Amino acid sequence: MISRRTIRNGAIGAVVGSVLGSIPLVLLVAPVVGGGIAGYLERDGAKRGAVSGGVAGLLMAALTTVITGTITFARFGDLPFASPDVPLEGLALAAALSLLASVGQVVVAGIGGGLGGILEADRRRADDREPLSGEDRPRSWLRILGSLLAGLVTFGVVAVVLTTVLDPLIWPSLLVSLPFGIIAGIGVAVLTNHYLARAAEGRVDWRPVAVGAVAVILVFGLVVGGLSMLGQQRQAATTESTYQYEVTIAADETLENATFYVPVPTENGSSRLGERFVEDVRYDRYAPAVRGDDPDPAPVDFSYELVETERGQMLATTADRIEVTKVYYREVENETMGWYERISAEEYDPDNPDMGVQNDGSFRFTVTLVADEPIDTADPFDAEPLLAPGADRTEVDCFTGDSATHRCFEYEGQMYADYETSEAATVYVSAQLGGHNEWFSGGWTGNEYREWSRVELRGPQSGWVLTDGELEVGSGNYRD
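How each quantity is defined
- The residue numbering used here restarts from 1 in each chain and proceeds along that chain's sequence as written.
- In keeping with the model being predicted, local features are shown solely for residues with a pLDDT of at least 70 and side-chain atom pairs are shown and tallied solely at 80 or more, while totals for entire chains, interfaces and linings include all residues.
- Calculated side-chain values reflect all of the structure's heavy atoms, with hydrogen atoms and water omitted.
- The helix and strand labels rest on DSSP assignments: H or I over at least four residues marks a helix, E over at least two residues marks a strand, and numbering proceeds from the N terminus.
- Only C-alpha atoms enter the radius of gyration, while the globule expectation follows 2.2 Å times N to the 0.38, with N the number of residues.
- Throughout this description, buried means an accessible area under 20% of the type-specific maximum (1.4 Å probe, protein chains only), exposed means over 50%, and partly exposed covers the range between.
- Here a residue-residue contact requires only that any non-hydrogen atoms of the pair lie within 4.5 Å.
- A helix's residues, less one, multiplied by 1.5 Å, set its expected span.
- One side-chain nitrogen of Lys or Arg within 4 Å of one carboxyl oxygen of Asp or Glu is enough to make a salt bridge.
- Two N or O atoms form a polar contact when they lie within 3.5 Å of each other; inside protein one atom must be a possible hydrogen donor and the other a possible acceptor, and for residues adjacent in sequence the pair counts only when both atoms belong to side chains.
- When the sulfur atoms of two cysteines come within 2.5 Å, that pair is taken as a disulfide.
- At least two DSSP bridges between two strands are needed for those strands to be called paired.
- Lines fitted to C-alpha atoms define the axes, with helix axes restricted to the stretch in contact, and inter-axis angles between N-to-C directions lie between 0 and 180 degrees.
- The rule is short: rings of Phe, Tyr and Trp, with Trp giving its six-membered ring, pair when the centres are within 6.5 Å, and they are stacked under 30 degrees, edge-to-face over 60, tilted in between.
- As a per-residue measure, pLDDT reflects the predictor's confidence and takes values from 0 up to 100.
- Only residues whose relative accessible area exceeds 30% and that form no salt bridge enter a patch; like-charged residues are grouped when within 9 Å of one another, and nonpolar side chains (Val, Leu, Ile, Met, Phe, Trp, Tyr) when within 5 Å.
- Per-residue and other accessible areas follow the Shrake-Rupley method at a 1.4 Å probe size, with only the shown protein chains counted as cover for residues.

### Side note on the overall build of the protein
Along the protein, the regular secondary structure elements total eight helices and 14 strands. Here the protein has a C-alpha radius of gyration of 35 Å; the compact-globule value for 480 residues is 23 Å, and the former is much larger. By principal-axis analysis of the C-alpha atoms, the protein measures approximately 105 × 55 × 40 Å. The 480 residues of the protein split such that 38% are buried. Excluding contacts between residues fewer than 6 apart, the proportion of contacts in the protein whose partners are at least 24 apart in sequence is 74%.

Structure representation (structure tokens):
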């Protein structure tokens, strides 16, 4: 039977737990603290303490539901189920999660209540005994310190192990491991103090205690082992390794009879990415975000071919004409937003900060290839494709991501450019290669290597040009 005293103590614990639940981070332990207070106030041992803690958890769950409903009503003016536009599947999922959270709150508060009942019973027994002598008092403090130390060690072990094991499954796993660690730590501290106090009185049979401790450790080990296997399967299922090759040609004036030879990713004398590029590459063209401009300019008829040159295998990209249109605009604003509005070339004033010019001459060509095995991103020099396998590289400091695997290099590369245009034209050409390993572990993570070869040219061209080459390897996170 649940007495009035049990309900009163549960209500006190629920109020304390609800107040703590409004404090960031502390809310993770609010149910066990609220239940512990209720169980302590019950003053009738572990069983009645657990009942009082369960009442506290039930009242906390009900109070949370009322507060959530009130906030929802105040925010949206109506309850979610009152709107016919709310999908029933979403409501069902929300209800199931809410019910699961409430059950968990009651269970945790009940555990806290049982521990509070044990703590209160131990205090009563200590008060009923003869006062401790000066010689015995240090032993009491040693027992308390030893119990606290056991609780802290348990908290640390459980929290660290669960954080590591749950990392591939739940993000952020710390929000799950911390409450479990705290509950385990409090439980071990209270039970250690309880059994040490009884042992001092010669009232403990250590055999069942040892069997129980071994059983708990075995169950925890089996659960952790199972979760670890699930986590490894999740990592394996989400792991993907890909190469990406990207070529950019950006001109601010029209080009005639254009031909570009750019480095192509090569491994063992062949280029799978280059072959994929020639077969099915498509380009993305930048379209100025200006009102009144045509967002779909006439397509450019590019052709692609892998060619052997005196400087190695290259990707040839050609076009008879790359029409580039300049778009002049002015910035228009109203009270809430702004936009660009197209104007004529005659209206454009370069000294007016509200006016500007863009063009549609930027083209990006991209192909992706899925690797059969993990990519060696930390040391790609022998087995992975590179834009310049035989380049004379100089190692330099990396700007970001300093680690044992992260290294950066610079070198001089070469490209071929041949086209007719105005003397004032600027043309930017680049080739970029990336190799990426990705998997889910506490969120998406991975590692990569990247290589660039780029150059900016002025006026018409006809011949080979030097490029700036960069290679960055070992960037990101690596599994042990």
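### Overview of helix α6 (residues 174–200)
Here α6 contains 27 residues, and its C-alpha end-to-end distance of 38 Å stays within 8% of the 39 Å for a straight helix at 1.5 Å per residue. Note on α6: the residue one or two positions beyond its end, Gly202, has a positive phi of about 70 degrees.

### So, the pattern of salt bridges
Summed over the entire model, instances satisfying the criterion amount to 17 salt bridges. Between Asp284 and Arg364 there is a salt bridge whose closest N-O contact spans 3.5 Å. Of this pair, Asp284 sits in strand β3 (residues 282–285) while Arg364 sits in strand β9 (residues 362–370), placing them 80 residues apart in sequence. Overall, Asp284 belongs to the partly exposed group, its relative accessible area being 46%. For Arg311, the salt bridge is made with Glu310, and the minimal N-O distance between the two is 2.8 Å.

### Considerations on the side chain of Asn447
For Asn447, the location among the structural elements is in strand β13 (residues 444–458). One polar contact links Asn447 to Asn437, side chain to side chain, over a distance of 2.9 Å. Within the local environment of Asn447, its side chain forms a polar contact with the backbone oxygen of Asn477, the two atoms lying 2.9 Å apart. The contacts of Asn447, once residues within four sequence positions are left out, are Thr377, Gly435, His436, Asn437, Trp439, Ser475, Gly476, Asn477 and Tyr478.

### Some points on the state of the cysteines
Simply put, the disulfide is a covalent bond whose two ends are the sulfur atoms of two cysteines. For the structure shown, the criterion picks out one disulfide. Across the disulfide from Cys398 sits Cys408; the S-S distance is 2.1 Å. Between Cys398 and Cys408, the S-S dihedral sits near 115 degrees, and the bridge is therefore right-handed. Of the two residues, Cys398 sits in the loop between β10 (394–396) and β11 (407–420) while Cys408 sits in strand β11, which places them 10 residues apart along the sequence. Since its relative accessible area comes to 11%, Cys408 is described here as buried.

### Some details on the side chain of Thr242
Along the chain, Thr242 falls in strand β1 (residues 240–251). Overall, Thr242 belongs to the buried group, its relative accessible area being 14%. Excluding residues within four positions of it along the chain, Thr242 makes contact with Thr368, Leu369, Val370, Ala371, Ile375, Gly434, Gly435 and His436.

### Digging into the sheet that holds strand β6 (residues 326–333)
Judged by pairing direction, the sheet is antiparallel, and its three strands sit side by side in the order β7-β6-β8 without closing on themselves. Two strands lie at the open edges of the sheet, namely β7 (338–343) and β8 (355–359), each paired on one side alone. The mean angle between the axes of side-by-side strands here comes to 40 degrees, regardless of whether they run parallel or antiparallel. With five bridges joining them, β6 and β8 adopt antiparallel strand pairing. Directly across from Tyr329, in β8, lies its bridge partner Gly356.

### What about the environment of Ala391?
Position of Ala391 relative to the elements: it lies in the loop between β9 and β10. With a relative accessible area of 22%, Ala391 lands in the partly exposed category. On a C-alpha basis, the gap between Ala391 and Ala345 in space is 46 Å, while along the polypeptide they are 46 residues apart.

### Quick word on the packing of aromatic side chains
Summed over the entire model, instances satisfying the criterion amount to 17 aromatic pairs. Their ring planes at 35 degrees and their centres at 4.3 Å tell us that Tyr329 and Tyr340 sit as a pair that is tilted. Remark: Tyr340 occurs in strand β7 and Tyr329 occurs in strand β6; sequence separation between them is 11 residues. Judged by centre distance (5.5 Å) and plane angle (65 degrees), the rings of Tyr416 and Trp464 are edge-to-face. Taken together, the positions of Tyr416 in strand β11 and Trp464 in strand β14 (residues 461–476) put the pair 48 residues apart, joining distant regions of the chain.

### Some words on the confidence of the model for the protein
Predicted confidence across the protein gives a mean pLDDT of 86, with 90% of residues reaching 70 or more. Per-element confidence in the protein ranges from a low mean pLDDT of 78 for helix α4 (residues 88–128) to a high of 97 for strand β2 (residues 255–263).

### Thoughts on unusual backbone geometry
We note that Arg43 has phi near 55 degrees; this positive angle belongs to a residue other than glycine. Take Arg43: it is sitting in the loop between α2 (30–42) and α3 (45–76). The phi dihedral of Asn257 falls on the positive side, at around 50 degrees, and the residue is not glycine. With respect to the helices and strands, Asn257 occurs in strand β2. Accessibility expressed as a relative area gives 44% for Asn257, which makes it partly exposed.

### Points about the environment of Ser453
Note that Ser453 resides in strand β13. A C-alpha to C-alpha distance of 12 Å links Ser453 and Phe409, two positions 44 residues apart in sequence. With residues up to four places along the chain from it excluded, the contact list for Ser453 reads Pro263, Leu387, Met415, Val429, Ser430, Ala431, Thr467, Asp468 and Gly469. Within polar-contact distance, the side chain of Ser453 engages the side chain of Thr467 at 2.8 Å.

### Quick notes on a nonpolar patch on the surface
Judged by side-chain polarity, Leu99, Val103, Val107 and Ile111 come together as a nonpolar surface patch covering roughly 350 Å² of accessible area. As for its placement among the helices and strands, Leu99 is situated in helix α4. Residue class for Leu99 comes out exposed when judged on its relative accessible area of 57%.

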